[in-house]
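# Residue-level structure breakdown
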Amino acid sequence: MTTHPHDPAVVGSFAIQGRLGRGAMGAVYLARSPGGRLVAVKVVRDELAGDSGFRARFAREIDAARKVSGAFTAAVVDADPDAERPWLATEYLPGPTLQKAVETSGPLAPAGVQLLASGLAEALMAIHASGVVHRDLKPSNIVLTDNGPRVIDFGIARALEDASLTATGMVIGTPGYLSPEQITGTGIGPASDLFALGAVLVFAASGRGPFATGNPASMLHRIVNEHPHIPPLPGPLHDVVRRCLARDPAQRPTPLEILQILGPPVPTALLHPPTIVLPPATRILPPTAVQGLPPLPTPTEAFTQAPAPSGSPAPTAVGARFATSRARPALFAAITTLIALGFIPSDPRVQARPALATVYALISLTFAYLAIRHWILVLRPKVVLHLSPQGLTVNRAYREATIPWYGVTRLHVGGDSKRPWLIAWLEPQYENQLPVSHRRHHGGLRIYPIAHGATRVRRQTQVNELRAALNWYAGRIHDNSY
C-alpha cells in the first residue's frame, strides 16, 4: 500500500488510511468509518468527474450494485455520485486477489479451482439476478478470503464503458478476459461474464490465460479468431471451462448450470502451501483529528504489490506497438541484385549469340527492377506506430509526435492489398505535426506502411492485429470497411 501527496484525508465520513491502488475509474483507498469499520473507497478521477453523463450512469450503476446480495460479493457501504469527485465505498475484504495469489504461490490445486468455480458461479448468479453485468471479471477483481472467493468492482464497468465509448470509442475491460462480443461490440450480456469466468479458471489452474500474452491487439485477434488453450482439468470442470469459452454466447452455460454440473465442492483451502507472504505496507496516512480515531494497525499485506516471479518479463508500456522491418526486404534486395548482375550479358560467348544475349538482358533488367523495389523498402526510414489510451504516436527517422484521439476524425486501413497503409484524417491544427509523408489518400494522411515487403500471411496478420488495436483504442473513429 502506498501514499501520495495529493491523497485526500477524508472522503465522506471515511478517514483515509492509505492508497490501495489505481484503476480505470480512479484511485482506491483503504479507509475507516467513524465506528472503525474498514472499507475500500473508490474515488473517480477528475476527467470522469467532469462528465455529467458519466455521473448519471454512475448513479444508476450504484443503485443496481446496492441490490446485489450474496456471500461471494463485496457489499456497497455508501456512495455519493453528486460529490465534487464521485465516490463509492464497499466492504473491505482482507485477503489476496487471485492475481497475486497465483503470482506468489503458483496455480491453485484442482480442488481449489473447482471451489473457485463454484464460488464465482454463485457470485455471478447474485450479480445477474440484480440486473447487473460485471463486464470486467478478472483475477485482480477476485479476492480470496477465508470464506471463499469474493467478486469486487461490479456495477461500475457499464458506466465506465459508456463514458469511454462516448469519448473515444475505447472498450473497458482487460484484453485476456474480454468476450468476443465485447470486442466486436455486439450483444453484451450475462454470457459475457461466463466467458470471463472460463478465462479466470484457466488462469487459476495454469498461471496463464487461455489466449497467452502479448499486446492487446494480438490478444483480441486471438480471442475472436483462434481456439483457447485449456490445460487438463479434472472431471466435469474441463467441460465447464470449454463451454464457458465458446465463441457463441448461446453455447455458454448459466451459473446455475455450472453449479449443477460441478455438484457440491469438496471442502478445501483455495490456496495450497506455501502460505502467501507479501511485503508489508510502506506507510499509512495518519488519521485526521475530525474522526479522532486511534491509528489503524498495519493492514493485511494482501493488497501490497508482490514481487514478480523470477524470470518473468518486465512490465510493458500500455498500448499496442507496430514497427516496420527491413530484414526481409534487405535479403531479397541482395539476392535480386546478385542475380541481376549475374545475368548481365558480358560473356563474349553470350554476346556472340544475339538471341541469348537478349534473354540474358531481359532477365537482368527484370531482377534489377525487383532489386530497386526492395532497396526502396530497405532505404525507407523505419516507422514505429504506438496506439494507447491517450492517442496515436508515430516515430519516423528519429522524429516523433503524438496526436490525441480528439485530434483524429477517422482512421482506415486502405490502399493496395499488397501494400496497405493506415490512413488518418486529422483535425486541421494537427495535420502538419506527424513526421510522415504528406501525400494524400482521399484527403487522409498515410501514416504507417503495414508490413510492406513481408509475406502475404505476415501482412494479413498485422492488418488484423492493427484493426483489433484500432477497435480497442479508437473504435468510434475506426472505419472498419474494406
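Everything here concerns the structure above.
To keep things clear, this report deals only with the structure shown in the data block. Owing to the predicted nature of the structure, the values given are computational and were not obtained by experimental measurement.

### So, unusual backbone geometry
Backbone geometry places Arg135, a non-glycine residue, at a positive phi of 75°. Structurally, the position occupied by Arg135 is in the loop between helix H4 (110-129) and strand S7 (142-145). With a relative accessible area of 13%, Arg135 lands in the buried category. At Ala451, a position not held by glycine, the phi torsion is positive, near 55°. Within the secondary structure, Ala451 is located in the loop between strand S16 (444-449) and helix H14 (456-474).

### Considering the side chain of Ser364
Secondary-structure assignment places Ser364 in helix H13 (residues 354-379). Residue classification places Ser364 among the buried residues on the basis of a relative accessible area of 10%. At 2.7 Å, the side chain of Ser364 forms a polar contact with the backbone oxygen of Ala340. Sequence-distant contacts of Ser364, that is, excluding residues within four places in its chain, are made with Ala340, Phe343 and Ile344.

### Regarding the nonpolar core
Leu98, Leu387, Leu392, Leu411 and Leu466 are the most contacted members of the largest nonpolar core, which totals 79 residues. Ranked by residues supplied to this core, first place goes to helix H7 (residues 190-206) with 10 residues. Look past the residues within four positions of Leu411 in its chain and what remains in contact with it is Leu392, Trp405, Leu422, Ile423, Ala424, Trp425, Leu470, Ala474, Ile477, His478 and Asp479. Judged by nonpolar contacts, the second largest core, of 12 residues, contains Ile16, Ala27, Val41 and Trp87.

### Digging into the sheet that holds strand S11 (residues 391-396)
Strand order in this open sheet of four strands is S9-S10-S11-S12, and the pairing throughout is antiparallel. Two strands bound the open sheet, and with one partner strand each, they are strand S9 (320-323) and strand S12 (399-404). Ignoring strand direction, the axes of neighbouring strands in this sheet form an average angle of 15°. Sitting on the sheet, H14 touches S9 and strand S10 (383-387), and the angle it makes with S9 is about 145°.

### Overview of a nonpolar patch on the surface
On the surface, Leu331, Phe332 and Ile335 cluster together into a nonpolar patch covering about 260 Å² of accessible area. Among the structural elements, Leu331 can be located in helix H11 (residues 327-342).

Rules and cut-offs
- Residues numbered from 1 in each chain as written.
- Predicted model: local features only at pLDDT ≥ 70, side-chain atom pairs only at ≥ 80, totals over all residues.
- Heavy atoms only, no water.
- Helix = DSSP H or I, 4+ residues; strand = E, 2+ residues; numbered from the N terminus.
- Buried < 20%, exposed > 50% of the residue type's maximum accessible area, 1.4 Å probe, protein only.
- Polar contact = N/O pair within 3.5 Å; in protein donor to acceptor, adjacent residues only side chain to side chain.
- Contact = heavy atoms within 4.5 Å.
- Core = buried A, V, L, I, M, F, W, Y, C linked by side-chain atoms within 4.5 Å.
- Pairing = 2+ DSSP bridges.
- Axes fitted to C-alpha atoms, helices over the stretch in contact; angles between N-to-C directions.
- Patch = residues over 30% accessible without salt bridge, like charges linked within 9 Å, V, L, I, M, F, W, Y side chains within 5 Å.
- Areas by Shrake-Rupley, 256 points an atom, 1.4 Å probe, with all protein chains shown as cover.
- Salt bridge = Lys/Arg side-chain N within 4 Å of Asp/Glu carboxyl O.

Just geometry here; none of it tells us what the structure is for.
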